[in-house]
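As a plain string of letters, each chain reads:
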Amino acid sequence: MTAVLPWATLIVCLAITIARVPSLLRGENRVVFHIFALITLDILLSIEGPYLAIDAVLGGMNITNLILRFLLYGTFLLMGFKIATAFDSPSAVRAIRGPWGLTVLGVTAALTAYFFVITDTRGSTAGMSGLAWGPSMEAYAALGRFYPGYVSACLLPAIWRTVVGRAPVLLRGASGLLFLGLTLLLLSQLFPLIPPMHHWLRSLINYSAVLATAIGLAGIWFSKTVARRKARRMA
């Protein structure tokens, strides 16, 4: 199952991205297309086959993993700001795009680059799982989980208010999926506690989080489209 899940996640995210192309061409909500395109690229670079092929071109030093880290940070910055705005949460917007949020992002990115440089990363391996793990590698991995977890924590309260509120059923259901996906990302902070024999749980949690988040996001914007059309008909 864990071997199929990455490709299934990629296919779902790619399908959602393609479905957003007509709106992109009409100039409608282009940021949403860019978010899904970034998520799709993130998933592609996390899958072993594409990862190894790209990293071989880059010298076999796992530079692809560093690129993936920075892409993820950009994805969560853009997605977090868009979701915070959509759920009308000024506090989440400030926490993500304000001085404090940008400081968190900057420090995380700088430390990520630092720990990558001081770690022996020779020998391509997806997720860098085949390398010798020491303190610098553990710190590098923790930083990669930290920023997505930080953005998730900023967004969850506003999303939860919609889930338990009086919004339309479709919007509440999609918000519930988004809430689940971001909650799973928060759980990824506990990965060091997972015994080596159960490391497959990491892949299951990560890709399940992406699937729930992507489908939830798609459902939210679809529900808003349905609401606008219904309002036009009533008018």
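Coordinates for the structure precede this section.
Residues numbered from 1 in each chain as written. Predicted model: local features only at pLDDT ≥ 70, side-chain atom pairs only at ≥ 80, totals over all residues. Heavy atoms only, no water.

Draft legend 1. View of helix α7 (residues 99–117). Between its first and last C-alpha atoms α7 spans 27 Å; for 19 residues at 1.5 Å apiece the expected length is 27 Å, and the two agree. When α7 is considered as a whole, its buried residues turn out to be Gly101, Val104, Leu105, Thr108, Ala109, Thr112, Phe115 and Phe116. All buried residues of α7 project into a common sector of 140 degrees when viewed along the axis, lining one side. Those residues of α7 that are exposed and aimed more than 90 degrees away from the buried face are Pro99, Trp100 and Val117. Those residues of α7 hidden inside the fold are in contact with α5 (63–86), α6 (90–97) and α8 (135–163). (Helix = DSSP H or I, 4+ residues; strand = E, 2+ residues; numbered from the N terminus. Expected span 1.5 Å × (residues − 1). Buried < 20%, exposed > 50% of the residue type's maximum accessible area, 1.4 Å probe, protein only. Arc of directions from axis to C-beta. Contact = heavy atoms within 4.5 Å.)

Draft legend 2. Representation of the nonpolar core in the model. Ile39, Ile83, Tyr147, Leu155, Ile159, Leu178 and Leu217 are the most contacted members of the largest nonpolar core, which has 62 residues in total. Counting only elements with at least two residues in this core, the list comes to α1 (4–19), α3 (30–46), α5, α6, α7, α8, α9 (169–187) and α10 (200–234). With 13 residues, α8 is the single largest residue contributor to this core. (Core = buried A, V, L, I, M, F, W, Y, C linked by side-chain atoms within 4.5 Å.)

Draft legend 3. Spatial organisation of the pattern of salt bridges. On inspection of all chains with the given rule, the structure shows 1 salt bridge. When the shortest N-O distance is used, the salt bridge between Arg122 and Asp120 registers 2.9 Å. (Salt bridge = Lys/Arg side-chain N within 4 Å of Asp/Glu carboxyl O.)

Draft legend 4. Representation of unusual backbone geometry in the model. The residue Asn62 is not glycine, and still its phi comes out positive at about 65 degrees. Inspection of the secondary structure puts Asn62 in the loop between α4 (48–57) and α5. According to the relative accessible area criterion, Asn62 is buried, its value standing at 0%. Not every positive phi belongs to a glycine, and Asp88 is a case in point at roughly 55 degrees. Position of Asp88 among the secondary structure elements: in the loop between α5 and α6.

Draft legend 5. Focus on the packing of aromatic side chains. Throughout the structure, instances matching the rule amount to 7 aromatic pairs. Residues Phe116 and Tyr140 carry aromatic rings whose centres are separated by 5.7 Å and whose planes lie at 45 degrees to one another, so their mutual orientation is tilted. Here Phe116, found in helix α7, pairs with Tyr140, found in helix α8; they are 24 residues apart in sequence, far enough to count as distant. Assessed through its relative accessible area of 10%, Phe116 is described here as buried. Judged by relative accessible area, which is 1%, Tyr140 ranks as buried. An angle of 45 degrees between the planes, with centres 5.1 Å apart, marks the rings of Trp160 and Phe179 as tilted. Of this pair, Trp160 sits in helix α8 while Phe179 sits in helix α9, placing them 19 residues apart in sequence. Classification of Trp160 by relative accessible area gives partly exposed; the value is 44%. With relative accessibility at 22%, the residue Phe179 sits in the partly exposed group. Site record: aromatic cluster; members linked through ring pairs are Phe70, Tyr73, Phe146, Tyr147 and Tyr150. When the ring centre of Phe81 is taken as origin, the NZ or CZ atom of Arg97, which lies over that ring, is 4.2 Å away. (Phe/Tyr/Trp six-rings, centres within 6.5 Å; stacked < 30°, edge-to-face > 60°. Lys NZ or Arg CZ within 6 Å of the ring centre and 35° of its normal.)

Draft legend 6. Main features of the environment of Val93. Along the polypeptide, Val93 turns up in helix α6. When the C-alpha atoms of Val93 and Leu155 are compared, they prove to be 8.8 Å apart, with 62 residues separating the residues in sequence. Filtering out sequence-adjacent residues up to four positions away, Val93 remains in contact with Phe81, Ala84, Thr85 and Gly98.

Draft legend 7. Molecular detail of α1. Taking 1.5 Å of rise per residue, 16 residues should cover 22 Å, and α1 covers 23 Å from first to last C-alpha, within 8% of that figure. Three or more residues of α1 are buried, namely Leu5, Pro6, Thr9, Leu10, Cys13, Ile16 and Thr17. The buried residues of α1 occupy an angular sector of 135 degrees when projected down its axis, which confines them to one face. In α1, those exposed residues whose orientation departs by more than 90 degrees from the buried face are Val4, Ile11, Ile18 and Ala19.

Draft legend 8. Up close: the side chain of Asn65. Along the chain, Asn65 falls in helix α5. You can call Asn65 buried: its relative accessible area is 3%. Within the local environment of Asn65, its side chain forms a polar contact with the side chain of Tyr140, the two groups lying 2.7 Å apart. Those residues in contact with Asn65 that lie beyond four places of it in its chain are Tyr51, Gly127, Met128 and Tyr140. (Polar contact = N/O pair within 3.5 Å; in protein donor to acceptor, adjacent residues only side chain to side chain.)

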